[in-house]
Structure formats: C-alpha cells, structure tokens
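# Results of the structural survey
Below, each chain spelled out in residue letters.
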Amino acid sequence: MIRIAWLVATKDLRIEARSRVLLWQVLPFGVIALLLSGLALGPTRAGTSTLGPGLFYLVTLFVALLMINRSQALENASGTRASVATLGLDPAGVFLGKALALTIELWVTGVVLLAGSVLVLHTDLLHSLQALPSILVTLAALSAAGTLYGALTQGGDGPATLLPVLTLPAFAPLLIAGERSFSAALQGGALWQWWVIVVVAFAAYTAVGVLLYGVLEES
Amino acid sequence: MSKGFPLLSGVDLVIDRATLTIVTGANGAGKTSLLRLLGGLDALTSGEGRVAGIDLLDGDRRLLRRRVGWLGHEGSFYADLSARENLEFAARALERPVGEVAAALERVGLAHRASTTTKRLSAGQRRRLGIAWLLVRRPELWLLDEPYASLDDAGRVFFDGLLADVLAGGATVVLSAHDALRSSDLESCEVRMVGGRVSAP
C-alpha cells in the first residue's frame, strides 16, 4: 500500500510540475480572489484583519475544489482509466497517494495565500505564522475528504460539477474549525479544541478513504 | 448494461488459450463492450462467464484486470508524462524491472521519443506506446480495441510480427476490427457481432 501510495503521489506531483497548472492557473486565481476580497472590504487595516481567516479559508475552498477536480481528471482522461485499471493498483494506496500529492499542492497554495493575506488583508505576520501548523493540518484533512469525494463525482458518469455541493457538508466542519483556529491564533485564544476537530476529521476521512476508495473506483 | 439497456446479450463464446480471436462488426455492434467485459473493465450483470479461471459475475475483477492488457483506441496514458515515465510507472506498479522499459521502447521504434511527453506524440506513436506498455506488462490476455487504427503500413507489419511472438509465447489475443484482417498471415478465429449479439462465431 505504501509503495503504491508513493508511486501515485510522485506521479501526480511530476505531472503537476510538468503542466504547471498550480503555478500558472490556480495560484493566480487564488491570489486575485484574495486581492478582490481585500479591495471589496476596503483598505481599513483593522476591519480587514478580523475577517482575514474567513476570507483565507473561503479562497482556499475555491482553490481546493479546482485542485481536487484536477487531481481526479488526471485519472479520467480518455483511455487512461482503462489502461491504469489493468495495473490492478491497490485502491488504498491510490487513495493515499492522491491525497498526499493533493496535500502537498494545497500546502504550497496555503503558504502563498497566507502570505497574500498578510499583504492584502493585513493579518499580523507573527500570529499568522502561529496559525500555520493548524492550517497545514486542515489542508491535509481537506485533501483526504476531497480525494474521497472527488472519486465519487468523477467516477463513472458522475458530473464533476456535483463536487462543490457534495463536499460542502464534509468541508464545512473543517473550514469552521480551521477558521476558528486561525482566528484564535490572531487574537490569542485557545486553539486546542479546534485542533481536535481537525485532527479527528483528518483521521476519519483517511480511514474511510483507505477502506472505501476501491468501492468508489469500481462503481 | 447501460441505463437499463443491455450492451451485450446472446453472447456465447469460448476462446482457447494462445489463440488469436478477431471480433468484427459495425460501429456500435458491441465489440468494445465485449472486450471490456472480458478484461473485467465492465461488470457482467447477468449470465455467466469465466476468464482465466475468474468468474465474471462475482469473481475478483481487480485480480482479473491484473492479468489482462488493454489497448484502447483512445490514448492510454498520462498526457503530461513522457513515454518513458509512463512505462516506468507501469513497470514499478507491477514490480517489473524498470530496465525493460528501454527495450520495449526500442522494440516499438520509439526509443528516440522516450523523453517526449505523450501529448506531443502522434496518434500512431501513441498506439506504438500502447504496445510498449503491453510489452512491459506481459499480460496473459491481450485485449486490443482496433489496434490497427492509426498504424501505417510498416506499423501493421510490425504489429503482425509482434502478435505472432505473443501467441508463440502462450498469451491469448482478442482484438476488435471492423472487418477481418486482410493482410495478416496469422491464424485466427473470427467472431462477428451485430447489435450486441454474436452472429457468427
């Protein structure tokens, strides 16, 4: 399982490095969305900084949906699905590999958007850095859930446009916990209860993915 | 089944090991559906069937798929990976020596395009890459969906030679084509399909 996970993750990351979709399409979109949010709220530093965590996760949600669709589309290109299916890859390994690659891509995105929120939304730099670990764990949980739901909507005849609707109930607790954790870091509140939610969700989605990804692939 | 409509029905077929079977028929006759069923890529919803000893109705289709090789008429690869990287992915997935990749590319005449991303290859070169993919995989059952499409005359001659080697090696080949092979000297059995049924085994 670990061998297949590593194989799939390195393949996805190599494709990403080669196609540069994240660099030239997704990241610019995220930065522009963040910039527009800042402009819409006005330049008042205090006003925007309190909204920073929410806007950060809103833009992260948009970017994550794009990346999840992209991750699954790689496997569903014409003919690829059938050829790769005949390799008989361990579905748990495929799930872990795709979730790992997506996590790394979202981590890169998260760091860029965090820097963007400091510059555009004027969130405090040091407090934003304190929030970074919770952001990374939240993005890992989003990746696990997104990989699972991505397979659900991309497999067979499932339309990819269903992804935002289907993932929202799964993403909502993660986004709320992430936003609360980020806000707590900015305002000096307690973080641990939000950490617990995110870590438990990460473990749950990973476990469900390992167990059910094969069923989703077959369906 | 597709939206309640049976893709195949009345298919009664026995294919012997190490033989070449050519499934012919017009567009929509069910050639690709039959090949996908044989490879465990689609599920059998009723009736009975066994491929390589694995039951198509309730057997382990994942296990079956590991034993078949599929060459579709679309591209079969990750478009942003090079020819070599695609084959290395398959080799590593199946724990085959990565060294076989270079030999496979050499054999299909793609050694000079090994570093080219698949999306930059021509249709004929992608077809050759698909053949190289099968050479690396060495499956027991080769399922080839219109393999002669996009191949030039030299490619067809090469492909016939390859099929002869594959059959001599004990593998079974089932390929689809609109008509029976015209140029090939290979001994084969033709299965003609019409409207999802076998009309002439």
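To keep things clear, this report deals only with the structure shown in the data block. Small disclaimer: the values here were computed from a predicted structure and weren't measured.

Conventions adopted
Residues numbered from 1 in each chain as written. Chains lettered and ligands numbered in written order. Predicted model: local features only at pLDDT ≥ 70, side-chain atom pairs only at ≥ 80, totals over all residues. Heavy atoms only, no water. Phe/Tyr/Trp six-rings, centres within 6.5 Å; stacked < 30°, edge-to-face > 60°. Buried < 20%, exposed > 50% of the residue type's maximum accessible area, 1.4 Å probe, protein only. Helix = DSSP H or I, 4+ residues; strand = E, 2+ residues; numbered from the N terminus. Salt bridge = Lys/Arg side-chain N within 4 Å of Asp/Glu carboxyl O. Contact = heavy atoms within 4.5 Å. Buried area = accessible area lost by both parts, 1.4 Å probe. Polar contact = N/O pair within 3.5 Å; in protein donor to acceptor, adjacent residues only side chain to side chain. Patch = residues over 30% accessible without salt bridge, like charges linked within 9 Å, V, L, I, M, F, W, Y side chains within 5 Å. Areas by Shrake-Rupley, 256 points an atom, 1.4 Å probe, with all protein chains shown as cover.

Once that is clear, we can look at the packing of aromatic side chains. Applying the stated criterion across every chain yields a total of 6 aromatic pairs over all chains. Judged by centre distance (5.0 Å) and plane angle (85°), the ring pair of Phe56(A) and Tyr57(A) falls under edge-to-face. Among the residues examined, Phe56(A) registers a relative accessible area of 0% and is labelled buried. Its relative accessible area of 3% is what places Tyr57(A) among the buried residues. Ring centres of Phe77(B) and Trp133(B) lie 5.3 Å apart, and the angle between their planes is 70°; this geometry places the pair in the edge-to-face category. One end of the pair, Phe77(B), is in the loop between strand S4 (68-71) and helix H3 (83-93); the other, Trp133(B), is in helix H5 (residues 123-137), with 56 residues separating them in the sequence. With relative accessibility at 6%, the residue Phe77(B) sits in the buried group.

Here we take up the environment of Ala82(A). As for its position among the elements, Ala82(A) is in helix H4 (residues 80-85). The sequence separation of Ala82(A) and Ala140(A) amounts to 58 residues, and the corresponding C-alpha distance is 29 Å.

A side chain of one charge can pair with a side chain of the opposite charge if their charged atoms are brought near each other. A full pass over the atoms with the stated rule returns 17 salt bridges over all chains. The salt bridge involving Arg14(A) is made with Glu85(B); its shortest N-O contact spans 3.8 Å. Placement of the pair is Arg14(A) in helix H1 (residues 2-19) and Glu85(B) in helix H3, with the two residues belonging to separate chains. The partner of Asp55(B) in a salt bridge is Arg50(B), with the nearest N and O atoms 3.8 Å apart. Residue classification places Arg50(B) among the exposed residues on the basis of a relative accessible area of 58%. Each of Lys11(A), Asp12(A), Glu75(A) and Lys98(A) takes part in a single network of salt bridges with overlapping partners.

The interface of chain B with chain A comprises 27 residues on the first partner and 27 residues on the second. Across the interface of chain B and chain A, roughly 2400 Å² is buried in total on both sides, 56% from carbon and sulfur atoms. Looking at the side of chain B facing chain A, the largest losses of area belong to Arg62(B), Tyr78(B) and Phe89(B), adding up to 29% of the total buried there. Taken together, the links from chain B to chain A amount to 4 salt bridges. A salt bridge links Arg70(A) to Asp80(B), with the nearest nitrogen and oxygen atoms 3.9 Å apart. Applying the counting rule to chain B against chain A returns 12 residue pairs in polar contact (both at pLDDT 80 or more).

With that out of the way, let us pick up the side chain of Arg65(B). With respect to the secondary-structure elements, Arg65(B) resides in helix H2 (residues 61-67). A polar contact is formed between the side chain of Arg65(B) and the backbone oxygen of Ala85(A), at a distance of 3.4 Å. Other than its neighbours up to four places away in sequence, Arg65(B) contacts Ala85(A), Thr86(A), Glu218(A), Gly39(B), Gly40(B), Leu41(B) and Arg137(B).

Glancing now at a nonpolar patch on the surface. Residues and elements named next belong to chain A. A surface patch of nonpolar side chains, amounting to about 580 Å² of accessible area, comprises Trp6, Val31, Leu100, Ile104, Trp107, Val108 and Val112. Among the elements that take part in the nonpolar patch, helix H5 (residues 91-120) stands out by supplying 5 residues, more than any other. As for its position among the elements, valine 31 is in helix H2 (residues 21-41). Valine 31 gets classed as partly exposed once you look at its relative accessible area, which sits at 38%.

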